[in-house]
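Descriptive analysis of the structure
Below are the chains, spelled out letter by letter.
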Amino acid sequence: MKILHNKAEMTATTIAWQAAGETVCLVPTMGSIHQGHLALIAAARKTANRVIVSIYVNPTQFGVGEDFDHYPRTLEADCAAITAAGGCDAIYAPANMYDDGHATSIVPAGVALAMEGQTRPHFFTGVATIVLKLFTHIPANFAIFGEKDYQQLAVIRQMVRDLDLNITILAQPTIRETDGLALSSRNLYLSAAERKLAPLLYAECRKPPNRLPEARQLMRP
Ligand code: PAF
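So, here's what we can say about the structure. No experiment lies behind these values; they were computed from the predicted model shown.

1. Here we look at the pairing of strand β5 (residues 142–146)
- Burial within β5 is extensive, with 4 of its 5 residues counted as buried.
- As judged from the 2 bridges shared by strand β2 (residues 24–29) and β5, these two strands associate in the parallel manner. Note on β5: the bridge partner recorded for C25 is F142.
- By the bridge criterion, 5 bridges tie β5 to strand β6 (residues 168–172) in an arrangement that is parallel. Paired with G146 across the strands is Q172, a residue of β6.
- For the crossover that starts at β5, traverses helix α6 (residues 150–162) and ends in the parallel β6, the hand is right-handed.

2. A closer look at the packing of aromatic side chains
- With the rule as written, the count across this model stands at 3 aromatic pairs.
- Here F62 and Y71 contribute two aromatic rings whose centre-to-centre distance is 5.7 Å and whose plane-to-plane angle is 75°, an arrangement assigned as edge-to-face. Considered together, F62 and Y71 belong to a single accessibility category, that of buried residues.
- An aromatic cluster is defined as three or more aromatic residues linked by ring pairs; in this entry it consists of F62, F68 and Y71.

3. A word on the site of the ligand
- Surveying the vicinity of the ligand reveals the residues P28, T29, M30, N58, Q61, V127, I130, F145, D149 and Q152.
- In this structure, Q61 approaches the ligand through a side-chain N or O atom, which is 2.7 Å from an oxygen atom.
- Within the side chain of Q152, one N or O atom sits 2.7 Å away from an oxygen atom of the ligand.
- Coverage of the ligand by the protein chains reaches 88% of its 290 Å² of free accessible surface.
- Classifying every residue of the shell around the ligand by side-chain character gives 5 nonpolar, 4 polar and 1 charged.

4. Describing the nonpolar core
- The biggest cluster of nonpolar side chains holds 31 residues, and the ones touching the most others in it are I52, F135 and I169.
- Secondary structure elements with two or more residues in this core: α1 (7–19), β2, β4 (90–92), α5 (123–137), β5 and α6.
- When residues of this core are assigned to their parent elements, the largest contribution, 8 residues, is made by α5.
- Apart from residues lying up to four places away in sequence, F135 is in contact with L26, A143, F145, I156, V160, L165, I167 and I169.

5. Observations regarding the packing of α5 against α6
- At a minimum axis separation of 10 Å, α5 and α6 run at an interaxial angle of 55°. Judged by the angle between their axes, α5 and α6 are oblique. As α5 runs across α6, the sense of the crossing is right-handed. Contact residues: F123, F124, V127, A128, V131, L132 and F135 in α5; Q151, Q152, V155, I156, M159 and V160 in α6.

6. Digging into the pattern of salt bridges
- The tally for this structure, following the rule as stated, stands at 9 salt bridges.
- The closest approach of N and O atoms between D67 and R186, which form a salt bridge, is 2.8 Å. A residue pair is termed long-range when its members are at least 10 positions apart, and D67 in the loop between β3 (50–55) and α3 (75–84) and R186 in the loop between β6 and α7 (192–197) qualify at 119 residues.
- Since its relative accessible area comes to 28%, R186 is described here as partly exposed.
- Three or more residues are tied together by salt bridges with common partners; here these are E22, R50 and D89.

Definitions and limits used
- Think of each chain on its own: its residues are numbered from 1, step by step along the sequence as written.
- Restriction of local features to residues with pLDDT of at least 70 applies here, the model being predicted, together with a cutoff of 80 or more for giving and counting side-chain atom pairs; totals for whole chains, interfaces and linings are based on all residues.
- Heavy atoms from the whole structure form the basis of all side-chain values; hydrogens and water molecules are not counted.
- Accessibility here uses a 1.4 Å probe with only protein chains present; expressed as a share of the type maximum, an area under 20% marks a residue as buried, one over 50% as exposed, and anything in between as partly exposed.
- By the criteria applied, helices consist of DSSP H or I runs no shorter than four residues and strands consist of E runs no shorter than two, each listed in order from the N terminus.
- One bridge is not enough; two strands pair if DSSP finds at least two bridges between them.
- With its strands directed away from the observer, a crossover is right-handed exactly when the path from the first strand over the helix to the second travels clockwise.
- Here a Phe, Tyr or Trp ring, Trp counted by its six-membered ring, pairs with any other such ring whose centre lies within 6.5 Å, and the pair is stacked when the planes are under 30 degrees apart, edge-to-face when over 60, and tilted otherwise.
- A cutoff of 4 Å decides nearness: a residue is near a molecule or strand if any of its heavy atoms lies inside that distance of it.
- Here a polar contact means two N or O atoms within 3.5 Å. Within protein one must be a hydrogen donor candidate and the other an acceptor candidate, and residues neighboring in sequence count only if both atoms are side-chain atoms.
- Note on areas: Shrake-Rupley, 1.4 Å probe, and residue coverage restricted to the protein chains presented here.
- Under the scheme applied here, ten amino acids are nonpolar (Ala, Val, Leu, Ile, Met, Phe, Trp, Tyr, Cys and Pro), four are charged (Asp, Glu, Lys and Arg), and all others, including Gly, are polar.
- What is meant by a nonpolar core is a set of buried Ala, Val, Leu, Ile, Met, Phe, Trp, Tyr and Cys residues, joined one to another through side-chain atoms within 4.5 Å.
- Only heavy atoms enter the contact rule, under which two residues are in contact if any of them lie within 4.5 Å.
- Fitted lines through C-alpha atoms serve as axes, helices being fitted only where they are in contact, and the angles separating the N-to-C directions of these axes extend from 0 to 180 degrees.
- For this classification, under 35 degrees means roughly parallel, over 145 means roughly antiparallel, 65 to 115 means roughly perpendicular, and everything else is oblique.
- Should the near helix be turned anticlockwise from the far one by less than a right angle, the crossing is termed left-handed; should it be turned clockwise, right-handed.
- Should a side-chain nitrogen of Lys or Arg be within 4 Å of a carboxyl oxygen of Asp or Glu, the pair is scored as a salt bridge.

As structure tokens, then:
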């Protein structure tokens, strides 16, 4: 398993595999690898001859006062977890994706405007910009994303369609704890009380709509 930090080397490796007739699937992540990521990697392995996992905590998708400084950075443990689960062909872990003076962004509208686009207005611009940069560094045939971040997946599909990008976007179902909580690196932030409440969101979504007032009652502080 190669671990690459350099963009030119990453691009050359991808192109060399493709020139040899192999297909390449990119699994973009911010690290802190858990079973959800490992399921994406396993699906990527079934799809393409070569699998590249990118690990980069992207500053532009964090707003002021969000958790950029505290977001887990665990490259060594991530590589070990990926290896233990069968590995991939390359891990791309650039130190920095933005040169000094970086001044160009992708600003998605359409599906990016509602929901998280309202509560975190910087978020989808940061995601679309970094994902397009990753697609440039790694001109893969496929990229795979989790349905957990469903609006993110829709924004990326919209960008690929609108900008005529030559890549196929694949999606994988959400992986959950046994009590229904979706796996996420940020679950670490939940207090014991919040961790107990969190699965209720999923449980309530699966009930008929007339049970929603009951859920609101339960969630009231
Ligand atoms: O879903 C994530 O982990 C990130 O938003 C992504 C797609 C890797 C971009 O930084």
